[in-house]
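Residue-level structure breakdown
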Amino acid sequence: MKLAMIGFGQAGGKIVDKFLEYDKRTGSEIVRAATAVNTAKADLMGLEHIPEDQRVLIGQSRVKGHGVGADNELGAEIAEEDIDEVQGAIDSIPVHEVDAFLVVAGLGGGTGSGGAPVLAKHLKRIYTEPVYGLGVLPGSDEGGIYTLNAARSFQTFVGEVDNLMVFDNDAWRKTGESVQGGYEEINEEIVRRFGILFGAGEVSEGQEVAESVVDSSEIINTLSGGGVSTVGYAEEEVEEQSSSGLLSRLRGDEGEDELDTAHTTNRITSLVRKAALGRLTLPCEIEGAERALLVLSGPPQYLNRKGIERGRKWLEEQTGSMEVRGGDYPYKGSGFVASVILLAGVTNVPRIKELQQVAIEAQDNLDEIREESEDNLDELVNDDEDELESLF
């Protein structure tokens, strides 16, 4: 799947930068074009792989390149005012070669949280290609203002994109981990999962062709209908075999070795269960997911149709959905077999309900604090019975 990726804000820019690095490392070529948009000049300068002419600094007249200070209302205003500058960078994207747009942002800050929904709305108005969002939720320990930002941004963003894929930092941060190290590891997790998902179906010269191809239309159909999506992932290290005899046996040709085929099938079905029931990018109950897509990736001799069909059938039973697609993505030299599951249209998500509740409480507290602060200042300045006259 060929994507035009736009990273909005600090987190969004870093994730898109990481996608480009992943592309170069694996040769997957899923990022057809990449752009970073920010109100903070320093964040844009810290990127390594996004071309400099595709880094757009907005809001210079208002914040002078210093960011919006976690004010996502200001972030949204600046994005609307400077949308033509962003469009200028998008104009250089060969849209006819792109299957979809992906707008990536952290939802807890100011620039990405406020600006990403504005950009998504703009892109949907102009282009016929699907516009997806990848939103990163802040950890619950990051403070009330970030939770409030995330709840408001999530509510707005999900209404402006064709589908919002969500990654919850809360489910991934390790205790005692440094902030910098934690985010780098989280970004690696994001890119690995979505990289295999979007890379499925892309075949370069000399590469194995999948038995059951998952192409961009399968992904688009799974994401159609809007709503929220989450991605599961599980992998197991394997030793690659070069023998074509082993390859033909494991792939189910005549004279197949029943034991080897059974082992391969069992590994696949086990990985499917681990991916669906383990750590999802957004933890949720998988029952009730409207649509699902299963991708098995790894050396060709460790993939077989029977395992994928069993995994797909198990997913149908667990989700209750009749729209479960599946296929393989042969990847020579990977050293592991990986199962990636996209669950679209999920609704039973405790984290989102909790986020919204905490945000409502935070908003009420902020309003109370502002009122109290105004009263206290009034008492401080006008405490004297004989009120002084102001200069003007």
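This write-up is about the structure you can find in this document. (Residues numbered from 1 in each chain as written. Predicted model: local features only at pLDDT ≥ 70, side-chain atom pairs only at ≥ 80, totals over all residues. Heavy atoms only, no water.)

Take the pattern of salt bridges next. Counting across every chain of the model gives 18 salt bridges. A salt bridge links Asp 170 to Arg 351, with the shortest nitrogen-to-oxygen separation between them at 3.9 Å. Note that Asp 170 is positioned in the loop between strand 6 (163-168) and helix 8 (179-199) and Arg 351 in helix 13 (residues 350-381), a separation of 181 residues in sequence. Asp 170 gets classed as partly exposed once you look at its relative accessible area, which sits at 32%. Among the residues examined, Arg 351 registers a relative accessible area of 8% and is labelled buried. The residue Glu 189 makes a salt bridge to Arg 193 at a minimum N-O spacing of 2.6 Å. Here Arg 193 and Glu 189 lie together in helix 8, a separation of four residues that amounts to about one turn. (Salt bridge = Lys/Arg side-chain N within 4 Å of Asp/Glu carboxyl O. Helix = DSSP H or I, 4+ residues; strand = E, 2+ residues; numbered from the N terminus. Buried < 20%, exposed > 50% of the residue type's maximum accessible area, 1.4 Å probe, protein only.)

Time to look at unusual backbone geometry. Note: most peptide bonds trans; most residues except glycine with negative phi. Its identity is not glycine, yet Glu 29 carries a phi of approximately 55°, on the positive side. The phi dihedral of Ala 70 falls on the positive side, at around 60°, and the residue is not glycine. Summarising the element assignment, Ala 70 is placed in the loop between helix 3 (60-63) and helix 4 (72-81).

Time to look at the nonpolar core. Core analysis: the largest hydrophobic core is formed by 70 residues, its most contacted members being Ile 90, Phe 101, Leu 119, Leu 123, Leu 315 and Leu 343. In this structure Leu 343 touches Val 228, Ser 229, Thr 230, Leu 280, Ile 286, Ala 289, Arg 291, Ala 292, Leu 315 and Thr 319, once residues within four positions along its chain are discounted. Among the nonpolar cores identified, the runner-up in size contains 45 residues, and Leu 44, Ile 186, Phe 194 and Leu 223 belong to it. (Core = buried A, V, L, I, M, F, W, Y, C linked by side-chain atoms within 4.5 Å. Contact = heavy atoms within 4.5 Å.)

Turning our attention to the packing of aromatic side chains. If you walk through the whole model with that rule in mind, you get four aromatic pairs. Geometrically, the ring pair formed by Tyr 329 and Tyr 331 is stacked, given 6.3 Å between the ring centres and 25° between the ring planes. Looking at Tyr 329, the relative accessible area reads 9%, which means it is buried. Note on Tyr 331: relative accessible area 24%, which makes it partly exposed. (Phe/Tyr/Trp six-rings, centres within 6.5 Å; stacked < 30°, edge-to-face > 60°.)

The next thing to look at is the pairing of strand 10 (residues 336-344). Counting buried residues along strand 10, nine of its nine residues qualify, which places the element largely inside the surrounding structure. In strand 10, alternate side chains face the same way, and those of Phe 336, Ala 338, Val 340, Leu 342 and Ala 344 on one face and Val 337, Ser 339, Ile 341 and Leu 343 on the other are all buried. Relative to strand 10, strand 7 (residues 228-237) runs antiparallel, the two being bridged by nine bridges. Each residue of the ladder has a partner; that of Glu 236, found in strand 10, is Val 337. Where strand 8 (residues 291-298) lies against strand 10, seven bridges are found, and the strand directions are antiparallel. Within the sheet, the bridge partner assigned to Arg 291 lies in strand 10 and is Ala 344. (Pairing = 2+ DSSP bridges.)

With that out of the way, let us pick up the side chain of Gln 54. Note that Gln 54 resides in the loop between helix 2 (41-45) and strand 3 (55-57). Overall, the relative accessible area of 10% leaves Gln 54 in the buried class. For Gln 54, the side chain forms a polar contact with the side chain of Thr 35, separated by 2.8 Å. A distance of 3.4 Å separates a polar side-chain atom of Gln 54 from the backbone oxygen of Ala 89. The contact partners of Gln 54, leaving out residues within four places of it in the chain, are Ala 34, Thr 35, Ala 36, Ala 89 and Ser 92. (Polar contact = N/O pair within 3.5 Å; in protein donor to acceptor, adjacent residues only side chain to side chain.)

Time to look at the sheet that holds strand 9 (residues 323-330). The 10 strands lie next to each other as 3-2-1-4-5-6-7-10-8-9, forming an open sheet whose pairing is mixed. The sheet is open, and its two edges are formed by strand 3 and strand 9, each paired on a single side. Each strand axis lies, on average, 20° off the axis of its neighbour in the sheet, ignoring direction. The pairing of strand 1 (residues 3-8) with strand 2 (residues 31-38) spans six bridges and is parallel. In the strand pairing of strand 2, Ile 6 is matched with Thr 35. Helix 6 (residues 111-126) rests against strand 1, strand 2, strand 4 (100-106) and strand 5 (131-137) of the sheet, and its axis sits at about 165° to strand 4. Each of strand 4, strand 5, strand 6 and strand 7 touches helix 7 (residues 144-160); the most contacted strand, strand 6, lies at about 155° to it. (Axes fitted to C-alpha atoms, helices over the stretch in contact; angles between N-to-C directions.)

Moving on, we get to the pairing of strand 8. Taking burial as the measure, the eight residues of strand 8 include eight buried ones, the bulk of the element. Here strand 8 shows two buried faces, one formed by Arg 291, Leu 293, Val 295 and Ser 297 and the other by Ala 292, Leu 294, Leu 296 and Gly 298. The pairing of strand 8 with strand 9 spans eight bridges and is classified as parallel. Bridging from a neighbouring strand, Leu 294 pairs with Gly 326 of strand 9.

Read these as layout, nothing more, since geometry by itself doesn't imply function.
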